[in-house]
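Examining the three-dimensional arrangement
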Amino acid sequence: MSQITESAIVKAWQEMRRSNLVTEDGEPVSVVYPGRVNRDQGPDLLDAVIRTGAGLVKGDIEVHARSSEWQSHHHHRDPVYNRVILHVVLRRDTSPLTELQNQVAVPVLALGRHFTGETSVAGDSSAVAGLPCREACQQNQAAVLARLDDAGEERFRGKANNFREQLAQQAPDQVLYEAVMEALGYTKNQRSFRELARRLPFRTLESAARDARADGEALLRLQALLFGTAGLLPSQRSLSECDSDCVMELERLWASLPPCSVMSVTDWNLCRLRPGNFPTRRLAAMSYLVLRYREKGLADEVQAKIADSLVEPAHRELEKMFTVNTAGYWVGHFDFGTPVNSRPTLLGAERAAEIVVNAALPFVDAAAQTSVAAKAREIYRRYPRLAANALERHMAGQLNLERGAVNSACRQQGLLHIYKTRCSQGECGACPLASAETVPSPGGSQSR
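Residues numbered from 1 in each chain as written. Predicted model: local features only at pLDDT ≥ 70, side-chain atom pairs only at ≥ 80, totals over all residues. Heavy atoms only, no water.

1. Things to note about the overall build of the chain
- Across its full length, the chain carries 17 helices and twelve strands.
- What you see for the chain is a C-alpha radius of gyration of 25 Å, in line with the 22 Å of a compact globule of 448 residues.
- Dimensions along the principal axes, computed over C-alpha positions, put the chain at roughly 75 × 60 × 40 Å.
- Looking at the 448 residues of the chain, the share that counts as buried comes to 52%.
- In the chain, once contacts between residues fewer than 6 apart in sequence are set aside, the share between residues at least 24 apart is 66%.
- Carbon and sulfur atoms provide 47% of the accessible area of the chain, an area that totals close to 20,400 Å². (Helix = DSSP H or I, 4+ residues; strand = E, 2+ residues; numbered from the N terminus. Rg over C-alpha atoms; globule rule 2.2 N^0.38 Å. Buried < 20%, exposed > 50% of the residue type's maximum accessible area, 1.4 Å probe, protein only. Contact = heavy atoms within 4.5 Å. Areas by Shrake-Rupley, 256 points an atom, 1.4 Å probe, with all protein chains shown as cover.)

In structure tokens form, the structure reads like this:
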């Protein structure tokens, strides 16, 4: 048993659809949703759902061979692990409860008595066996894919309705600007980018760009505002890089501005990011977008582009609206004083497509006239698939979908919608995919 690896314990946990589990302090536990494998920093499994005597509990799972590894790995000092709801181990060699960094105690579940060694360690541990949706997909994949399309449409409508609520309170440019900023933040910095957009409104940036005498001056003003309000300038982070003319001018411009509400560097996640995704490069990209659309405004430009485009090739034109190339300092740096191989693209087509699908199209559905809104919905339905992310790959593995089955952005959004509203909420019984096996297949026969 001592040779059993953590990956084997993770796999055993994912395949354990049991209701007769008992934690080390005597609390009954059943697995509703085992969570998805985390291949980044933090707990081993994310968004799990368990049922205890107190009802449904949602959060993350950390796995170890021995419970004492929680402290030897210093998780008790790391707030990243504060969403852990259950410490799953092979053998307990400490107290029956594990204390998080925030001093909350969570139960320990020792799988030694349940783990027989029959679970294979081979294969992809991201697949979750025994779920009704997986069985339904094996019986009738075509019906499951149709339900995913419906879920993608539902996700789009939800985003559009959210934009309508925001538009009742804020100007269109600010609403779209906040959504674009959030998309620039990816998963790790979404909240930080949205907070920055609230502290530094679009109208402030737009005014700074219009008041400049030339584009170069406008860019520096915009970047000084963005970096300074974010708290990411070298002087705000005690970085030594200040000898570049560009950086020195940014510092000078920021120092000349009146005091404002500045974020802290601790508000940003700067660990384990690809150079191209670093917040400073994304903020530089936003400066170019503000400069590009400073005359008519971002919202009007996006609506006009959709109104003037044909549905089928519209996605290419919309992606061009958000693609940003650069010159000068940010070609060779991903942060102040940190060089990187030449990267002339600050915002490439892949991330631009994410912005179009998640922000621009549902925004236009909410903000534009009826005919333009209808065109935005049709563009969404026909939008080609985007680059796959970890969550999509997890769901495709969970359903055991055939390669190429997720062939549109709408279907990808459907996978995300099902995960966020059903899987991670413990709503397996209400999931539309679970009943897809009873829907007649395209050939007319009905699955069991």
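2. Things to note about helix α17 (residues 409–421)
- Between the first and last C-alpha of α17 there are 18 Å, a value that for 13 residues agrees with the 18 Å anticipated at 1.5 Å per step.
- Where burial is concerned, most of α17 is hidden: eleven out of the 13 residues are buried.
- The complete set of buried residues in α17 reads A409, C410, R411, Q412, Q413, G414, L415, L416, H417, I418 and Y419. (Expected span 1.5 Å × (residues − 1).)

3. Examining the pattern of salt bridges
- Scanning the model with the defined rule gives 29 salt bridges in all.
- R92 is the partner of E24 in a salt bridge, and the nearest nitrogen-oxygen pair spans 2.7 Å. On the criterion of sequence distance, the pair formed by E24 in the loop between β1 (21–22) and β2 (28–33) and R92 in the loop between β6 (84–91) and β7 (97–99) is long-range, its members being 68 residues apart.
- We classify R92 as partly exposed; its relative accessible area is 31%.
- A salt bridge links R198 to E178, with the nearest nitrogen and oxygen atoms 3.9 Å apart. Taken together, the residues span a long stretch of sequence, with R198 in helix α6 (residues 190–199) and E178 in helix α5 (residues 172–184) at a distance of 20 residues.
- Shared partners join several salt bridges into a network, and the residues in it are E153, E312, E378, R381 and R382. (Salt bridge = Lys/Arg side-chain N within 4 Å of Asp/Glu carboxyl O.)

4. Re the environment of C428
- If you trace the backbone, C428 turns up in the segment after α17.
- Between the C-alpha atom of C428 and that of I418, which follows or precedes it by ten residues, the distance is 9.7 Å.
- Not counting the four nearest positions on each side in its chain, C428 is found in contact with P132, R422 and A434.

5. Considering the side chain of Q141
- By the secondary structure assignment, Q141 is in helix α4 (residues 141–167).
- In this view, Q141 contacts A136, N400, L401, E402 and A405; residues no more than four positions away in its chain are not counted.

6. Observations regarding the confidence of the model for the chain
- This prediction gives the chain a mean pLDDT of 91; 92% of its residues lie at or above 70.
- Overall, residues 118–126 carries pLDDT values under 50, and its contacts beyond four positions in sequence, including any with other chains, amount to 18 contacts.
- For residues 443–448, every residue scores under 50 in pLDDT, and the model assigns this stretch ten contacts once sequence neighbours within four places are set aside. (pLDDT = per-residue confidence, 0-100.)

7. Some remarks on the nonpolar core
- By size, the foremost hydrophobic cluster in this structure holds 78 residues, and its most contacted members are M181, F322 and L361.
- With eleven residues, the single largest contributor to this core is helix α14 (residues 349–367).
- When sequence neighbours within four positions are dropped, the list of residues in contact with M181 reads F193, L196, A197, L226, L283 and M286.
- Counting residues in hydrophobic clusters, the runner-up holds 26 residues, among them C133, C137, A143 and L145. (Core = buried A, V, L, I, M, F, W, Y, C linked by side-chain atoms within 4.5 Å.)

8. Re the pairing of β6
- Extensive coverage of β6 is indicated by the burial of seven of its eight residues.
- In this sheet, strand β8 (residues 105–110) lies alongside β6 in parallel orientation, the contact comprising three bridges. Across the sheet, the residue bridging to V88 is L109, located in β8. (Pairing = 2+ DSSP bridges.)

9. What about the packing of aromatic side chains?
- Tallying each qualifying case throughout the model produces twelve aromatic pairs.
- Ring centres of Y329 and F336 lie 6.3 Å apart, and the angle between their planes is 35°; this geometry places the pair in the tilted category. Of the two residues examined, Y329 and F336, each falls in the buried class.
- Members of the aromatic cluster, each reached through a chain of ring pairs, are F227, Y329, W330 and F336. (Phe/Tyr/Trp six-rings, centres within 6.5 Å; stacked < 30°, edge-to-face > 60°.)

10. Quick notes on helix α12 (residues 298–308)
- Burial in α12 covers these residues: L298, A299, V302, Q303 and I306. Along the long axis of α12, the arc covered by the buried residues comes to 130°, so they all point the same way.
- Its buried side turned inward, α12 meets α5, α7 (202–211), α13 (314–322), α14 and α15 (370–382). (Arc of directions from axis to C-beta.)

11. Notes on the pairing of strand β5 (residues 55–66)
- Strand direction decides the pairing type here: strand β4 (residues 45–52) and β5, joined by six bridges, are antiparallel. Across the sheet, R51 pairs through a bridge with L56, a residue of β5.
- In this structure, β5 lies alongside β6, joined through six bridges in parallel fashion. Looking across to β6, one finds that I61 is bridged to L86.

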